[in-house]
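Structural features, examined
Residue strings, one per chain:
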Amino acid sequence: MAGYVDLSASLSTRTPKIDGPDTRAVVWLDIDNTLYPKSSKIHLLMQQKIHAYFLSLGLSEEKASVLHKKYYSEYGLAIRGLVKHHEIDALDYDRVCDASLPLEEILSYNPELRKLLQDIDPSKARILGLTNAYKTHGLRVLNIIGVSDLIEALVYCDYGRPDNDFGCKPEAGFFNEATAFAFPSHPPDTPLPTQYFVDDSLLNITASLDLGFKSVHFKEKGEWDTDHGRVNNLPVKGKEGLVVTTVDDLEALREVWSEIFFDGSERK
Ligand SMILES: [Mg+2]
């Protein structure tokens, strides 16, 4: 099961008055390596922390590297393999890995990103986060880069579940739970509002496209694909005719998703 944090109480954007069910579209934002550049190298620091965690379990360097890759490929996240096969406490792992990253020293307030999100018309779309990290890390990043008050809610990987039964992207079940969180009173058998999604993981994009999301793959110029390792192990296949739209700058979303942005004359 995914976790859900409602952040709507601190929203600074005006929520339009809506009579009847809320049929506005949803924009799902991945956080890590999407809302901040991969060139910040935070993912490398994360990998070092995870590798050190494997070593702390008494594994050799070689075994740690093999298992890290294997768990990431098989389960989408190294932590899921660790709780499954090594009986570790996922929250302890989060404290030692993600929570100990010096994010405040690396990331900073991002006025361009803030403006981009502010230019999404709230009468047309709501903005939510969709992360494979735990909520502590996700909220910390959103706060540092200065966009948490523009995000209605965060769907996250719930490391805190006592049964360790937490899902993550790219599993269809995780996306479906996110959809259910976003549209809790949606009448069954009626079409859902559009769900937009941007993520740096090609596997996540392909899985979401299969589920009908309007997804965009974010890949910075000159950077390796986030899922290079996973893609080597698991071929990326979507439904036939599936087209992946890739942008190398989030600003391009203004064009790709122009229907949900203020058109210039509407912005007040
Ligand atoms: Mg990401």
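Scoring rules and cut-offs
- Residues numbered from 1 in each chain as written.
- Predicted model: local features only at pLDDT ≥ 70, side-chain atom pairs only at ≥ 80, totals over all residues.
- Heavy atoms only, no water.
- Domains from an automatic or database assignment.
- Contact = heavy atoms within 4.5 Å.
- Buried area = accessible area lost by both parts, 1.4 Å probe.
- Salt bridge = Lys/Arg side-chain N within 4 Å of Asp/Glu carboxyl O.
- 1 Å grid on protein atoms, 1.4 Å probe; cavity = no way out; pocket = protein on both sides within 12 Å on 5 of 7 lines; lining within 4 Å.
- Points joined across faces, edges and corners; volume = space filled by probe spheres on them.
- Helix = DSSP H or I, 4+ residues; strand = E, 2+ residues; numbered from the N terminus.
- Nonpolar A, V, L, I, M, F, W, Y, C, P; charged D, E, K, R; others polar.
- Expected span 1.5 Å × (residues − 1).
- Buried < 20%, exposed > 50% of the residue type's maximum accessible area, 1.4 Å probe, protein only.
- Donors = N, O, S within 2.8 Å, 3.2 Å for Na, K, Ca; no water.
- Core = buried A, V, L, I, M, F, W, Y, C linked by side-chain atoms within 4.5 Å.

Here we come to the domain arrangement of the protein. Taken domain by domain, the protein consists of domain 1 (2–36 + 108–260) and domain 2 (42–103). Here the C-alpha centre of domain 2 lies 24 Å away from the C-alpha centre of domain 1. In this assembly, 25 residues from domain 1 lie in contact with 21 residues from domain 2. Summed over both sides, the interface of domain 1 with domain 2 buries roughly 1800 Å², with 60% coming from carbon and sulfur. Inspection of the domain 1/domain 2 interface yields 1 salt bridge. Note that glutamate 171 is salt-bridged to arginine 80, the shortest N-O span being 2.5 Å.

Any empty space left between the atoms is revealed when a probe the size of a water molecule rolls over them. By volume, the second largest pocket is sized at about 330 Å³. The wall of the second largest pocket is formed by 19 residues, among which Leu35, Tyr36, Pro37, Asn110 and Leu113 lie closest to the centre. The element best represented in the lining of the second largest pocket is helix H6 (residues 111–118), accounting for 3 residues. Of the residues that constitute the lining of the second largest pocket, the class distribution is 11 nonpolar, 4 polar and 4 charged.

Residues separated by three or four positions in an α-helix point in the same direction, a consequence of the helix having 3.6 residues per turn. Under the 1.5 Å per step criterion, the end-to-end length of helix H2 (residues 61–75) is 21 Å for 15 residues, consistent within 8% with the ideal 21 Å. All buried positions along H2 are accounted for by Ala64, Leu67, His68, Tyr71, Ser73 and Tyr75. Two residues or fewer after H2 comes glycine 76, characterised by a positive phi angle close to 85°.

Right, let's get into the coordination of the magnesium ion. Protein coordination at the magnesium ion: the donors are Asp30 (OD), Asp32 (O) and Asp200 (OD), at 2.1 to 2.2 Å from the metal. The sequence pattern formed by the donor residues of the magnesium ion is D-x1-D-x167-D. With aspartate 32 in the loop between strand S2 (25–29) and helix H1 (42–56) and aspartate 200 in the loop between strand S5 (195–199) and helix H9 (202–210), this residue pair connects regions lying 168 residues apart in the sequence. A residue is classified by how much of its surface remains accessible, and aspartate 32, at 11% relative accessible area, is buried.

The next subject is the nonpolar core. General note: in soluble globular proteins, nonpolar side chains tend to be found buried as a group. Ranked by internal contacts, the top residues of the largest apolar core, which has 60 residues, are Val27, Phe54, Ile79, Tyr93, Tyr159 and Trp257. Of all the elements, H1 adds the most residues to this core, at 5 residues. Residue contributions to this core reach at least three from each of two domains, namely domain 1 (2–36 + 108–260) and domain 2 (42–103). Beyond its immediate sequence surroundings of up to four residues, tyrosine 159 is in contact with Leu77, Ile79, Ala90, Leu91, Tyr93, Asp94, Asn132, Ala133, Tyr134, Asn164 and Phe166. Among the nonpolar cores identified, the runner-up in size contains 17 residues, and Ala2, Leu130, Ala207 and Leu209 belong to it.

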